[in-house]
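Each chain is listed here by its residues.
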Amino acid sequence: MEIDCSTPDMTAAPTPLPAGTRLLHIGPHKTGTTSIQGALFAAKDAMAGHGVDFPARSRHPMEAALAVCARPAMIGDTRPTEQHWQRLVDLVRATGKRTSVVSSEFFADAPDDETIARIVDDLGRDRVHVLITVRPLAKIMPSQWQQYVQNGLRMGYEDWLTHMLRKAPYEKPNPSFWRRHRHDRLVERWVRAVGAENLTVVVVDDGDRGGLMRTFESLLGLPGGLLVPEPDTVNRSLTLAETEMLRKLNREFRGNGLPDELYSKLVRGGAVLHMKNTCRPTPGDARICTPAWALEAAAGIGAEMAERIGSMGVRVLGDPALLSVLPAAESAEPVPVRIDAEVAAQALYGALAAAATVPARRTPARTVHQTPSRELVRVLGHRVLRRLKRT
């Protein structure tokens, strides 16, 4: 499969991929993945009428991607298995000679060349075309930090930036960050598997809200306007106040040794989910602000990434210069971070509503005097859950 890899006119629609291509969108995270996955899933029936299949049975085949990449589930979630991956592979193969598209940002977490080769082989090496979407690091860093907090991170933003940008080997507390977001190395790993002629990089322009949808339509040979962003409150980013509330809750949760499955059920699937669904950010909410030193570092890394990607011979859609743009530094004045009472109430209600469905655990009989204080907290929590379930 060969396409024109020369530098295109950025105002022109990209050349469609050959019919029968299996387009594999690997993200990474925070580059418009949720938006495009929702639009593809919503339009799957309409796309089928134009010869394009979306073989996954859900918007995002996350468990399949986690399984093949040997990645654990998020805290407390169901463990992904080989069956999840094989099920997706079977669905892709069932599309026959038709064009198909699969999207999961967790493919970007593939740990080595062997895993990447397996993914490509299982999906059909002679038909796979890899699509990587990239954004400036300055846009990704605050969004990725609050997402890590949603999965249990307890570190503050500036401290986290210091570890990611200033403390070699830049792997703590989140080794996945640079595996995902050192975009030049991500492209390089996948080029080794599929060749430069079978990989497209799309530079996402936040100033062009419909640009990513139009790019997918063009690559898949779909009519313009077929892919439409779906309303998505569930995946919105948290505000600074919401993130700080959750981060401090994470400290208490971890400090008292509560089980991971409770975190998944009560915090992420209860408090956070309900808060996102019912509370919308307002212009007056304090934003997650990246300090000037980190913005400069991100722009420098972005310039390096753009140069290296440009030298690999892959097709690049969009303006690579966006990766190295230095945003205006935001005010260094401290902003009071206060959680709105309504937001706190909705988060608490979400946790309580989720608690009512948590199965009770049995604890061995023991006197209060024989039980350490932290374990007493855990036992009390389980008793409350049992009572909530009965009611």
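Placed above this text is the structure.
Residues numbered from 1 in each chain as written. Predicted model: local features only at pLDDT ≥ 70, side-chain atom pairs only at ≥ 80, totals over all residues. Heavy atoms only, no water.

Draft legend 1. Region of the structure containing helix α6 (residues 137–150). Taking 1.5 Å as the rise per residue, α6 with 14 residues should run 20 Å; its terminal C-alpha atoms sit 20 Å apart, in good agreement. Counted residue by residue, α6 has twelve buried out of 14 residues, so it is predominantly covered. Inspection of α6 places Leu137, Ala138, Ile140, Met141, Pro142, Ser143, Gln144, Trp145, Gln146, Tyr148, Val149 and Gln150 among the buried residues, and these make up the whole buried set. In this structure, the buried residues of α6 make contact with α7 (157–166), α8 (176–181), α9 (183–194), α11 (240–255), α12 (260–278) and α13 (292–310). Two residues or fewer after α6 comes Gly152, characterised by a positive phi angle close to 110°. (Helix = DSSP H or I, 4+ residues; strand = E, 2+ residues; numbered from the N terminus. Expected span 1.5 Å × (residues − 1). Buried < 20%, exposed > 50% of the residue type's maximum accessible area, 1.4 Å probe, protein only. Contact = heavy atoms within 4.5 Å.)

Draft legend 2. Spotlight on the environment of Ile26. Structurally, Ile26 can be placed in the loop between β1 (22–25) and α1 (33–42). Owing to a relative accessible area of 0%, Ile26 belongs among the buried residues under this scheme. It is 5.8 Å that separates the C-alpha atoms of Ile26 and Ile132, two residues lying 106 residues apart in sequence. Non-local contacts of Ile26, meaning those with residues more than four positions away in its chain, are made with Ser104, Glu105, Phe107, Ala108, Val130, Leu131, Ile132, Leu186 and Trp190.

Draft legend 3. Here's a closer look at the pairing of β1. By the alternation rule, side chains of β1 split into Arg22 and Leu24 and Leu23 and His25, which are all buried. Judged from the four bridges that link them, β1 and strand β3 (residues 99–103) form a sheet pairing that is parallel. Considered in β3, the bridge of His25 is made with Ser103. Sheet topology places β1 next to strand β4 (residues 128–134); four bridges connect them, and they run parallel. Within the sheet, the bridge partner assigned to His25 lies in β4 and is Leu131. (Pairing = 2+ DSSP bridges.)

Draft legend 4. Expanded view of the packing of aromatic side chains. Under the criterion given, the structure shown has eight aromatic pairs. Consider the rings of Trp85 and Phe107, whose centres lie 6.1 Å apart with planes at 75°: the pair is edge-to-face. Of this pair, Trp85 sits in helix α4 (residues 82–93) while Phe107 is found in the loop between β3 and α5 (113–123), placing the two residues 22 residues apart along the sequence. For Phe107, a relative accessible area of 0% translates into the label buried. (Phe/Tyr/Trp six-rings, centres within 6.5 Å; stacked < 30°, edge-to-face > 60°.)

Draft legend 5. Inspection of the environment of Ala303 at higher detail. By the secondary structure assignment, Ala303 is in helix α13. A C-alpha to C-alpha distance of 4.7 Å links Ala303 and Ser324, two positions 21 residues apart in sequence.

Draft legend 6. Layout of the sheet that holds β1. Pairing in this open sheet of six strands is parallel, and the strands run β2-β3-β1-β4-β5-β6 from one edge to the other. Each end of this open sheet is capped by a strand with a single partner; those strands are β2 (52–53) and β6 (315–317).

Draft legend 7. Examining the pattern of salt bridges more closely. Applying the stated rule across the entire model yields 16 salt bridges. Salt-bridge contacts for Glu304 lead to Arg182; the nearest nitrogen and oxygen are separated by 3.1 Å. Of the two residues, Glu304 is situated in helix α13 and Arg182 in the loop between α8 and α9; the sequence distance between them amounts to 122 residues. Each of the salt bridges in this network shares a partner with another, and the network as a whole consists of Arg182, Asp184, Glu188, Glu304 and Arg308. (Salt bridge = Lys/Arg side-chain N within 4 Å of Asp/Glu carboxyl O.)

Draft legend 8. Geometry of the side chain of Arg268. Residue placement: Arg268 occurs in helix α12. At 3.4 Å, the side chain of Arg268 forms a polar contact with the side chain of Ser264. Discounting residues that sit within four places of it in the chain, Arg268 has contacts with Met74, Ile75, Asp77, Gln150, Asn151, Tyr263 and Leu273. (Polar contact = N/O pair within 3.5 Å; in protein donor to acceptor, adjacent residues only side chain to side chain.)

Draft legend 9. Expanded view of helix α10 (residues 211–220). In terms of burial, α10 is a largely internal element, nine of the ten residues being buried. Burial in α10 covers these residues: Gly211, Leu212, Met213, Thr215, Phe216, Glu217, Ser218, Leu219 and Leu220. Phi turns positive, to about 70°, at Gly221, one or two residues after α10.

Draft legend 10. Molecular detail of the environment of Glu342. Following the sequence through the fold, Glu342 ends up in helix α14 (residues 341–355). C-alpha separation for the pair Glu342 and Cys279, spaced 63 residues apart in sequence, amounts to 8.0 Å. At a separation of 2.7 Å, a polar atom in the side chain of Glu342 contacts the side chain of Gln346.

Draft legend 11. Up close: the nonpolar core. Judged by nonpolar contacts, the single largest core of 64 residues is most densely connected at Leu24, Trp85, Phe107, Ile119, Trp190, Leu199 and Val314. With residues up to four places along the chain from it excluded, the contact list for Leu24 reads Val102, Phe107, Ile119, Leu123, Val128, His129, Val130, Leu131 and Trp190. Judged by nonpolar contacts, the second largest core, of 39 residues, contains Leu246, Val267, Met275 and Ala286. (Core = buried A, V, L, I, M, F, W, Y, C linked by side-chain atoms within 4.5 Å.)

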